[in-house]
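# Structure assessment
Listed below, chain by chain, are the residues.
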Amino acid sequence: MTKERAIYDEIGVPRVINAAGTKTRIGGSLIRPEAVEAMRDAAGAFARISDLQARAGELIRACTNAEAGYVASGAAAAMLLGAAACIARDDPGVMARLPDTEGVADEIVMPRTHRTGYDHALRTAGATIVDVGTNDRHLGTGSENVEPWEIEAAITDDTAAVAYVQKEYTSPPLGSVVEVAHRHDVPVIVDAAAELPPKRNLSRFVDAGADLVVFSGGKAIRGPQSTGILAGRADLVESAALQHLDMHAAAPVWDPPRELVDVDSLDGVPRQGIGRPLKVGKEELVGLIRALERFLEEDADALRREWTERVEAMATRAADLEGVTHAITGGGKVAAAPELRLTLDEAAGATAAELVLALRRENPRVFVGADALDEATLTLNPMCLSDDEADYVLDRIEANL
Ligand SMILES: *Cc1c(COP(=O)(O)O)cnc(C)c1O
C-alpha cells in the first residue's frame, strides 16, 4: 500500500475508492504531485500573500484573457467575492458594511433554471437573488426557460449583477445575456466551476463578455482543494482583493502590489472585508500556481484516451454481470470524461440504491455516481481511478449483487 493511502489507515479513517468523479465531499480530485511538492517547499519560507496573489493573477490573466485574476478558497468563495465586488465596487464604506446592503444596489438577477445550492455564496455577500423565467422547457411546448428580455426587464437601479451558471444545457447563450446586462452597465458573473476541461474554456467566457468568471482549483486543475479562481475585470478583481486580503496594516506603510491594488485611489486601508474568512495561505497559492501551469501543459488527448480505455475495460467486465445492462455515455457535452452507466433489473439481486449504499459502507468506501438512481442506474467515472482501482470497483459490484 502506498504511503498516501496508509495515512488514512494510520489515523483510522476509511479511504475512498472514487468512481464518482471530482466530488468535493469525497476529496475532489487528487492534487498533482508537483503541486504538493511546491506546497511543501512553500511551507518552509515566508512570502507576502499579496505578492503571491499578484503572481497568480498574472498567470490567470494569461490563460483566461481576463484583465485580472485572483485566488480564493474555492469556486464558491470566488462567487462570494465576485458578488461582494459587484455590490461594493470601489467604496470602502460599503465593503466595511457587507453583508448589510442598506441603501446599496444589491440584487443579482438570475435565470430561475440557473439557481443551484451554490448561489448561497452570492447571498452570503449580502445579495438578494431575483429569479426570472420559468421551467417551461420541460413542458415540451418548445418555449424557452428564459428569454433575454426577461433578464432585461428585471434589471433596475437595485441591480448589482446578473449571475449565470455555465453548463452545456444552460440557456440562453451567455452572449445574449451579456448583451442585455451590458446595455444597462450591469456586470455578469459566470459560475464555470466545473467547466474544465477543455482548456479552451478558461478563456471562453471572458471572450463571450463575462465580467467575472469562477473556476474551481480543486477539480480538473488538480490544485489544492481549498482554491478557486476569480478572473475578470480589473476594477472588480481589485474590489474582491480588498475584501479578501488581510487588512490589518498600518496605513503609512501599506504597500500592496500595484497590479492588485491602486493605493492612491483609496483614502486609507479598508477594514477586514467579508471575504476575510475565505483566506488562502501561501501553500495553497503556490500549489494552485504550479497546478495551473501543469494543467495548461498537460496532453488532454492522452488523458481522454486513458479515461476511454479505462471505461471500456470496466464495460467488458460489466458485460458479465447478471441483470445489469451497460452503456458508455458522455465524454462530450455535460461530462468531461466518458462514463459507464450500469442499469439494474430484477435479476440483479439488488436495487441500484441498495448497491450504491452497500458500496459506500465498505472499507475502503467505494463511491460510484448516484445521479440516476431513479432510472435504476449507477455510473462509473474513470477520472479519479487507477486501472487497479477500476478493477476493484467491478469486483465489489459483483460481490454485492
Ligand atoms: C464544484 C462547483 C462549485 C464549487 O466549487 P468549489 O471549488 O468546491 O468551491 C460551484 N459551482 C458549481 C457549478 C460547481 O460544480
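This structure is a prediction, so every number in the text was calculated from the model and none was measured.

Calculation rules
Residues numbered from 1 in each chain as written. Predicted model: local features only at pLDDT ≥ 70, side-chain atom pairs only at ≥ 80, totals over all residues. Heavy atoms only, no water. Helix = DSSP H or I, 4+ residues; strand = E, 2+ residues; numbered from the N terminus. Rg over C-alpha atoms; globule rule 2.2 N^0.38 Å. Buried < 20%, exposed > 50% of the residue type's maximum accessible area, 1.4 Å probe, protein only. Contact = heavy atoms within 4.5 Å. Areas by Shrake-Rupley, 256 points an atom, 1.4 Å probe, with all protein chains shown as cover. Lys, Arg positive; Asp, Glu negative; His and termini not counted. Charge placed at Lys NZ, Arg CZ, Asp CG, Glu CD. Domains from an automatic or database assignment. Buried area = accessible area lost by both parts, 1.4 Å probe. Salt bridge = Lys/Arg side-chain N within 4 Å of Asp/Glu carboxyl O. Polar contact = N/O pair within 3.5 Å; in protein donor to acceptor, adjacent residues only side chain to side chain. Nonpolar A, V, L, I, M, F, W, Y, C, P; charged D, E, K, R; others polar. Core = buried A, V, L, I, M, F, W, Y, C linked by side-chain atoms within 4.5 Å. Near = heavy atom within 4 Å. Expected span 1.5 Å × (residues − 1). Axes fitted to C-alpha atoms, helices over the stretch in contact; angles between N-to-C directions. Parallel < 35°, antiparallel > 145°, perpendicular 65-115°, else oblique. Left-handed = near helix turned anticlockwise from the far one by under 90°. Phe/Tyr/Trp six-rings, centres within 6.5 Å; stacked < 30°, edge-to-face > 60°. Pairing = 2+ DSSP bridges.

## Section: the overall build of the protein
- From N to C terminus, the protein includes 14 helices and 12 strands.
- Taking 21 Å as the expected radius of gyration for a compact globule of 401 residues, we find that the protein reaches 23 Å, a close match to that expectation.
- Put simply, the protein has 401 residues, and 50% of those count as buried.
- Once local pairs closer than 6 in sequence are excluded, the contacts in the protein between residues at least 24 apart make up 68%.
- A total of about 18800 Å² of accessible surface is found on the protein, and carbon and sulfur atoms cover 49% of it.
- Taking the average location of the 41 positive side-chain charges in the protein and that of its 65 negative ones, the two points are 4 Å from each other.

## Observations concerning the domain arrangement of the protein
- Taken as a whole, the protein is organised into domain 1 (6–28 + 299–399) and domain 2 (33–297).
- On a C-alpha basis, the centres of domain 1 and domain 2 stand 32 Å from each other.
- When domain 1 packs against domain 2, the two sides together hide about 700 Å² of surface, and 62% of this comes from carbon and sulfur.
- Between domain 1 and domain 2 we count 0 salt bridges in total.
- Counting across the interface, domain 1 meets domain 2 through 1 residue pair in polar contact (both at pLDDT 80 or more).
- Here the side of domain 1 that touches domain 2 is built from residues that sort into 4 nonpolar, 3 polar and 2 charged.

## Points about the nonpolar core
- In this structure, Tyr70, Ile108, Leu122 and Leu230 are the most contacted members of the largest nonpolar core, which totals 49 residues.
- Counting residues per element, this core draws most heavily on helix α4 (residues 75–88), which supplies 12 residues.
- Other than its neighbours up to four places away in sequence, leucine 230 contacts Ile60, Ala68, Gly69, Tyr70, Ala78, Leu81, Gly82, Leu212, Val213, Val214 and Ala240.
- Val71, Val132, Tyr164 and Ala231 belong to the second-largest nonpolar core, a separate cluster that totals 43 residues.

## Considerations on the site of the ligand
- Around the ligand, the structure places Thr24, Gly74, Ala75, Ala76, Tyr118, Asp191, Ala193, Ala194, Ser216 and Lys219.
- Here an oxygen atom of the ligand sits 3.5 Å away from a polar atom, N or O, in the side chain of threonine 24.
- Within the complex, 87% of the 390 Å² of free accessible area of the ligand lies under protein.
- Taken together, the residues of the shell around the ligand break down into 5 nonpolar, 3 polar and 2 charged.

## Quick notes on helix α3 (residues 49–64)
- Between its first and last C-alpha, α3 extends 22 Å over 16 residues, near the 22 Å set by a 1.5 Å rise per residue.
- Of all the positions in α3, only Ser50, Leu52, Gln53, Ala54, Ala56, Gly57, Leu59, Ile60, Cys63 and Thr64 are classed as buried.
- Considering only its buried residues, α3 is in contact with β2 (68–72), α9 (201–207), β8 (228–232) and α11 (282–297).
- Note on α3: the residue one or two positions beyond its end, asparagine 65, has a positive phi of about 70 degrees.

## A word on the packing of α4 against helix α10 (residues 234–242)
- Running from N to C, α4 and α10 point in directions that differ by 110 degrees, and their axes come no closer than 8 Å. Put simply, α4 runs roughly perpendicular to α10. Classified by chirality, the crossing of α10 by α4 is right-handed. Residues Leu81, Ala84, Ala85 and Cys86 of α4 form the contact with α10, whose own contacting residues are Leu236, Ser239 and Ala240.

## Concerning α10
- Counting buried residues along α10, 7 of its 9 residues qualify, which places the element largely inside the surrounding structure.
- Among the residues making up α10, those that are buried are Leu236, Val237, Glu238, Ser239, Ala240, Ala241 and Leu242.
- Looking at the packing, one finds that the buried side of α10 touches β2, α4, α5 (92–97), β7 (212–216) and β8.

## Points about the packing of aromatic side chains
- A full pass over the atoms with the stated rule returns 1 aromatic pair.
- Taken together, a centroid distance of 6.3 Å and an interplanar angle of 40 degrees make the contact between phenylalanine 205 and phenylalanine 215 tilted. Residue phenylalanine 205 is found in helix α9, and its partner phenylalanine 215 is found in strand β7; the two are separated by 10 residues along the sequence.

## Concerning the sheet that holds strand β3 (residues 107–111)
- Across the sheet, 7 strands lie side by side as β2-β8-β7-β6-β5-β3-β4; this open sheet has mixed pairing. The open sheet terminates on both sides in strands that have one partner only, identified here as β2 and β4 (128–132). Adjacent strand axes in the sheet meet at a mean angle of 25 degrees, parallel and antiparallel pairs treated alike.
- Bridge count between β3 and strand β5 (residues 159–165): 3 bridges; the pairing is parallel. By the bridge assignment for β5, glutamate 107 is matched with threonine 159.
- The strands touched by α10 are β2, β7 and β8; relative to β2, the strand with the most contacts, the crossing angle is about 25 degrees.

## Concerning the sheet that holds strand β10 (residues 338–344)
- Within the open sheet, the 3 strands sit side by side as β9-β10-β12. Their pairing is antiparallel. The strands lining the two open edges of the sheet, one partner per strand, are β9 (324–330) and β12 (377–380). Between one strand axis and the next, the sheet turns by 25 degrees as a mean value, whatever way the strands run.
- The sheet contact formed by β9 and β10 spans 7 bridges and is antiparallel. Across the sheet, valine 324 pairs through a bridge with leucine 344, a residue of β10.

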